[in-house]
Amino acid sequence: MKLTFDKDADALYLELEDSSIVESEEVAPGVILDYSKTESVVGIEVLRLSQQPEKLDLSALMLKTA
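What comes next is a walk through the structure. (Residues numbered from 1 in each chain as written. Predicted model: local features only at pLDDT ≥ 70, side-chain atom pairs only at ≥ 80, totals over all residues. Heavy atoms only, no water.)

So, about a nonpolar patch on the surface. Together, M1, L16 and V41 give the surface a local cluster of nonpolar side chains, amounting to about 310 Å² of exposed area. Structurally, L16 can be placed in the loop between β2 (11-15) and β3 (23-28). (Patch = residues over 30% accessible without salt bridge, like charges linked within 9 Å, V, L, I, M, F, W, Y side chains within 5 Å. Areas by Shrake-Rupley, 256 points an atom, 1.4 Å probe, with all protein chains shown as cover. Salt bridge = Lys/Arg side-chain N within 4 Å of Asp/Glu carboxyl O. Helix = DSSP H or I, 4+ residues; strand = E, 2+ residues; numbered from the N terminus.)

And the structure:
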């Protein structure tokens, strides 16, 4: 599992599994799930993170920054 924050893109990505992504679906405004060929969720992306209703305290997370 790997968590990455891209400050320039204002996006957070949680990679759950190192698999090829074959499909993506926006399940809520700015929240995208990535699926593998077996239809498992392999990643979660949150776009416009600073504008999300529930703001996260990113200083409390251990991240790899892009």
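The next point concerns unusual backbone geometry. Backbone geometry at D10 places phi at a positive 55°, although glycine is not the residue there. Here D10 is to be found in the loop between β1 (2-6) and β2. Its identity is not glycine, yet E39 carries a phi of approximately 70°, on the positive side. The topology assignment puts E39 in the loop between β4 (31-35) and β5 (41-46). The exposed category is assigned to E39, whose relative accessible area is 68%. (Buried < 20%, exposed > 50% of the residue type's maximum accessible area, 1.4 Å probe, protein only.)

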